[in-house]
Amino acid sequence: MSKNLRFKSSKLVDETYRISFKFNNKTYFGYKGDTLASALLANDVHLVGRSFKYHRPRGIMTAGSEEPNAIIQLHDNTSRTEPNVRATEIEIYEGLVASSQNCWPSVNFDIGGINNILSPILPAGFYYKTFMWPKSFWEKYEYFIRKSAGLGKSPKEADPDIYEHKYIHCDVLIIGAGISGIMAAKMSAKNGLKTLLVDEKSFLGGSSIYDNSEFSKINNQITSSWLEKEINEISKLENLEIKTRTSVAAFHGYNFLLARENLTDHLPMNQRENKIRHRLLKIRAKKVISATGAIERPLIFDNNDRPGVLLSSAMKKYIDLYGVACGENNILFTNNDTAYETAMSMVQRGIKVNAIIDNREEIDSKLSYEIEKNNIRIFKGYTVVDTYGYKRISGLSIMELSKDGQKVIGKKIKLSCDSLGVSGGWTPAVHLFTQSGGKLKFRDDDQVFIPNKYPSDQLSIGSCNGDLSLEEITTNTILSVKKFLNINNTDYKTFEIITGINKSKRNIWLLPSDKILGKTKSFVDYQNDATAKDIKLALREGFRSIEHVKRYTTTGMGTDQGKLGNMHALGIISETAGTKMGEHGTTTFRPPYTPLTFGTIVGRNVGKFFDIVRRTPIHDWHVTNNAKFENVGQWKRAWYYPKVNENMNQAVQRESKAARDSAGILDASTLGKIDIQGTDASEFLNRVYTNAWSKLAIGKCRYGLMLNEDGMVYDDGVTTRLDENHYIMTTTTGGAANVLEKLEDYLQTEWPELDVYLSSVTDHYATISVCGPHSKKIVSKVIPDLDFSDEKFPHMSFKNTKIGQIKCRVMRISFTGEQSYEINIQSNYGKSVWKKCMEAGKDFNITPYGTETMHLLRAEKGFIIVGQDTDATMTPIDLQMDWIVSKKKYDFIGKRSLYRSDTIKDDRKQLVGLLTENPEEVLEEGAQIVADIKKSPIEMLGHVTSSYYSPNLNKSIALGVVKGGKKMLGQKLIIPMENKNINVTVADPVFLDKKGERLNAKL
Amino acid sequence: MFLINCPFCGEREQSEFKAGGEAHIERPKQPTELSDDEWAEFLFMRKNIKGVQFERWNHAHGCRKWFNIARDTSNDQIKAVYKMGEKPTVK
């Protein structure tokens, strides 16, 4: 394992900068510029992981984001550790720690490897078939299945890194900085268009940047040198922004794209502090040019997955870009000319090519003749039928293909190798194009799907458009970009292209073997261990749709989304089913193109920035006075104010008692407040509330119930008539925004003839509610000039007044059933008025209470809370609130629905009071209510919606909804709990002060 | 995420808007005179077509105005944007 397969002078690697890293607890060395994959290969490490299902040893297969096998666990700490990182993408840095996934105890000796031996009994659909039966056993299987499912480990602590989102607007976005992308960027930027060029790699130039043989030339210059000059030129262009390490994740409609810019993953840990790790770019481009290139196809033959088997183009890349040979005794296996370029790179560097196996019987390209001249054996018309070696390929056997390519004939020849490069031709990377809604067409000549119909202002160029030769790429790029961007002049005139390769190809989706298919393991999806056999099994079992075959066999469902093998799956399906390729279409490519970290997705919206927090003007006082808070929508509301050694229950009991016996004070600033003005304001309220409003006198308040058009209770609150054409409506805290939106909707769309104006004034006023028998004395002290006598200031009325110089409104309204005054004052005076009230109430045991006590007090009075005692299925009639529904009004929102056949049924769930047999027993909110416990299945009649222990009544009280509950007064029902049944009696929902005498009580 | 050309503010991103369902369903002027079926037709029945659909949208995080759009549901192309009370310019 200590071999060094690195040679000098490569394109990307800085040999003066040595980096140490750890893989599976062993220290290795690489150089700056290396990916983890290239550094491991340089150390002759191929075995990097175990496959998902059979735990077969797997090695590095590619040199890019399409990698299916070399996915590793990065970092060994619990906060940064990250699963499924592609070793082919991560650039090494000093101190990098990585390990293999899906193996135990180690990648070299993995217990799960037993699955490989058991594979005959683990066919496609194994889990579906086996664990469905017997049904009741699922609970027993689940634990083991879950344990073996999933790749890698997720971090257990909060992510310490910083992420952000950024919007970018540009004229032209070019995805991919290969040769066609570079050319397009130059044409676009030089013509004054604001251009953004992104590439997922750390360098520009794509695969042409290491195309440095005499056999590939543009205008008499070696392709890579020509391209280098181009890159040099565009990097100086003003209109052009270039982003490397930036992977486009999603291409949505309207040319809206998401890209992840990777800013620090390649830096040593000590250089990352306080820097943004990933940036999610939200790009709006007027025009998009996709130049995403093509992905080389593997070949499908028996045991094609052994460590040491790589794509031939990846081998070339490791040689030319990183200066790393993948083996010392290489064999190439191909059905087209690509592998000869790899062979040429090896020959140039003196790396041994043992043989080339070519499916084709005839080969006619300059490069192939050159290779033959170098005394390299070429087996024409042959195929690999098997490979040997377990943790590393050690050899293979080949046989001759029959004329039709369906069988193998002749004698088996064994060859030795330590590395095998495969090439099955190229697949245009159309993932982003199809994400955007683009439609593909199938090209029969070379079996590729290429873009056909563009759904937005976009263009595909280069090999992702099916232009696979250098000549096509250059010529077509210029022509199509000129037309697309409406450009007349470019720097590009004529191109003289020299290449050593031709387009000829002999495509066989599933290569024949001397063994029967059932005895082979020809992998189509390496990551998910789906074989050709599995796909054929799925077809035999009746699956026809590619989407169904995909799900049944899990082909293409790994983290790589089957970038390598999906085409073969399609090919095998159409061959087996006898249909034409292209008819099936492809499976759906979904975003993201490569996985995104959660951090990238959420950006800065974490911690304090996760959601907006709204605080009342009196918030600080609550904090100082030890309030516990509850979230109501975005609001922080004081929940209860525990004294030292008091728990929640004790605090609430004390607060509730004080509010009724002496005085309580509540911060009600969060209630929604809508200012309503206009000559038709009264008519408007008539239409939106169930009760009548026209006759409400100026200075009076009224409770209103608002329905949806379907008759269900939507919101409630008190509205006050401030003037002839001026009202202020209060809504529930959580419903404020929705109510305003709903009212605006009706005003703008249904009743535009009404002269009414709405504005939200929720945040403009602080609302302080003082209640209890002493409340009048307290508010009189705070506002001495105002006459608070019952005659002058009766219940359900309001006064304009002043505290000092500051105008305020005082409403005498009550949600607790106690005499109660609500002071509304400009927000910034809220806290000082609150303090004044506290000061004034000192002698009267004024007690601040929170939402919990408020809920308890209103429950004693049977007042509903919309959203707690109601859901979207309760009409006012169900709530026993018939009194608030006007019989006289011709229409209001929801009126017609109140006498639909469904809403007039007697057995609807209706709101009732519930009293427990044992007055100390407090019911659980949400508990089910039943009548007959013996019947099976037990019929659920309803559930408990509110439940408290009332300190004022000294017993447990509850509200609930019960089918036909209105008629059940006095009836006994049962609340079945986990370990007991609680007996309850249906009662009137008003538990306290049924006559409302406390509203005017005098002490 | 598409762009909507608010008739009051101009082109803005979809995230500023709130969809409000099918357009041109007028609230009956005299609901009390409708049968249950007729009322249910207004209340519940909505089209869900593939092709050009007329929809109500609200510029919720902008001018708060309601307006209509004609959107092709198969590709999200917006064929027309028009104010409340106006007739669509496309079919």
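I will try to describe carefully the structure that is included in this document. (Residues numbered from 1 in each chain as written. Chains lettered and ligands numbered in written order. Predicted model: local features only at pLDDT ≥ 70, side-chain atom pairs only at ≥ 80, totals over all residues. Heavy atoms only, no water.)

Here's the deal with the overall build of chain A
Our working rule: A run of H or I in DSSP counts as a helix once it spans at least four residues, and a run of E counts as a strand once it spans at least two, with each numbered from the N terminus. Relative accessibility under 20% of the residue-type maximum defines a buried residue, over 50% an exposed one, and the middle range a partly exposed one, all with a 1.4 Å probe and only protein chains included. A contact between two residues is defined here by any heavy atoms of the two lying within 4.5 Å. Neither His nor the chain termini are counted; the positive set is Lys and Arg, and the negative set is Asp and Glu. Where a charge sits is defined by one atom per residue type, namely NZ (Lys), CZ (Arg), CG (Asp) or CD (Glu).
Helix and strand counts for chain A stand at 22 helices and 50 strands. In terms of its C-alpha atoms, chain A occupies a principal-axis envelope of roughly 115 × 70 × 55 Å. Burial analysis of chain A (1003 residues in total) assigns 59% to the buried set. Taking as baseline every contact in chain A between residues at least 6 positions apart, the subset at least 24 positions apart corresponds to 67%. Side-chain charges of chain A comprise 134 positive and 118 negative groups, with the mean position of each set lying 2 Å from the other.

Notes on the interface of chain B and chain A
Defined as follows: Note on terms: buried area is the combined drop in 1.4 Å-probe accessible area of two parts once they are placed together, counting the loss on both. Take a side-chain nitrogen of Lys or Arg and a carboxyl oxygen of Asp or Glu: if they are within 4 Å of each other, that pair is a salt bridge.
Contact with chain B, which involves 29 residues of that partner, is made by 31 residues of chain A. Both sides together, the interface formed by chain B and chain A hides about 2500 Å², and carbon and sulfur atoms give 44% of it. It is Met1, Arg27 and Arg64 of chain B in chain B that bury the most area against chain A; as a group they hold 27% of the surface buried on that side. One can count seven salt bridges joining chain B with chain A. Notably, a salt bridge pairs Lys18 of chain B with Glu741 of chain A, separated by 2.9 Å at the nearest N-O pair.

Digging into the pattern of salt bridges
Residues and elements named next belong to chain A. The tally for this structure, following the rule as stated, stands at 71 salt bridges over all chains. Of the charged contacts in the structure, one is a salt bridge between Lys11 and Glu228, with a shortest N-O distance of 2.8 Å. Linking Lys11 in the segment before β1 (14-23) with Glu228 in helix α6 (residues 223-234), this pair joins segments that are 217 residues apart in sequence. Its relative accessible area of 38% is what places Glu228 among the partly exposed residues. Between Lys287 and Asp457 there is a salt bridge, and its shortest N-O distance comes to 3.4 Å. With Lys287 in strand β15 (residues 276-290) and Asp457 in the loop between β27 (448-453) and β28 (458-460), this residue pair connects regions lying 170 residues apart in the sequence. When salt bridges that share partners are traced, they join Glu164, Glu241, Lys243, Glu261, Arg279 and Arg604 into one network.

Regarding the environment of Cys6 of chain B
Residues and elements named next belong to chain B. As for its placement among the helices and strands, Cys6 is situated in strand β1 (residues 3-6). Spatially, the C-alpha atoms of Cys6 and Trp57 are 9.1 Å apart, while their sequence positions differ by 51 residues. Cys6 has contacts with Glu11, Phe17, His59, Cys63 and Phe67, leaving out every residue within four places of it along the chain.

What about the nonpolar core?
Residues and elements named next belong to chain A. For the record, the criterion: Among buried residues, the Ala, Val, Leu, Ile, Met, Phe, Trp, Tyr and Cys ones that are joined through side-chain atoms within 4.5 Å form a nonpolar core.
Leu36, Leu173, Ile283, Ile289, Tyr318 and Ile357 are the most contacted members of the largest nonpolar core, which has 132 residues in total. Considering each element in turn, this core owes the most residues, seven residues, to helix α5 (residues 179-190). Beyond its immediate stretch of four places on either side in the chain, Ile289 contacts Val172, Leu173, Ile174, Ile175, Ala184, Leu459, Ile461, Val481, Phe484 and Leu485. Formed by 30 residues, the second largest nonpolar core is a distinct cluster that contains Ala638, Ala766, Val810 and Ile823.

Things to note about the sheet that holds strand β11 (residues 221-222) of chain A
Within a sheet, neighbouring strands are paired by backbone hydrogen bonds and run either parallel or antiparallel to one another. Residue and element names in this part refer to chain A. Note the following rule: Note: two strands are recorded as paired if DSSP finds a minimum of 2 bridges between them.
If you walk across this open sheet you meet the three strands as β11-β10-β29, and the pairing is antiparallel. The open sheet has two edge strands with one neighbour each: β11 and β29 (497-499). When strand β10 (residues 216-218) meets β29, the two strands line up antiparallel, connected through three bridges. Looking at β29, one finds that Ser216 is bridged to Thr499.

So, the side chain of Arg27 of chain B
The line we're drawing: We call two N or O atoms a polar contact when they sit within 3.5 Å, provided that within protein one can donate a hydrogen and the other can accept it, with sequence-adjacent residues counted only if both atoms are side-chain atoms.
Here Arg27 of chain B is to be found in the loop between β3 (18-22) and α1 (36-44). Polar contacts involving the side chain of Arg27 of chain B include one to the side chain of Glu709 of chain A, which spans 2.5 Å. Non-local contacts of Arg27 of chain B, meaning those with residues more than four positions away in its chain, are made with Glu709, Tyr746, Glu750, Trp751, Asp891, Phe892, Ile893 and Gly894 of chain A together with Phe42 of chain B.

Let's talk about the pairing of strand β35 (residues 672-677) of chain A
Residues and elements named next belong to chain A. Extensive coverage of β35 is indicated by the burial of five of its six residues. In this structure, β35 lies alongside strand β38 (residues 726-731), joined through six bridges in antiparallel fashion. Residue Gly672 lies in a different strand from β38, and its bridge partner there is Thr731. As judged from the four bridges shared by β35 and strand β39 (residues 757-760), these two strands associate in the antiparallel manner. By the bridge assignment for β39, Ile674 is matched with Ser760.

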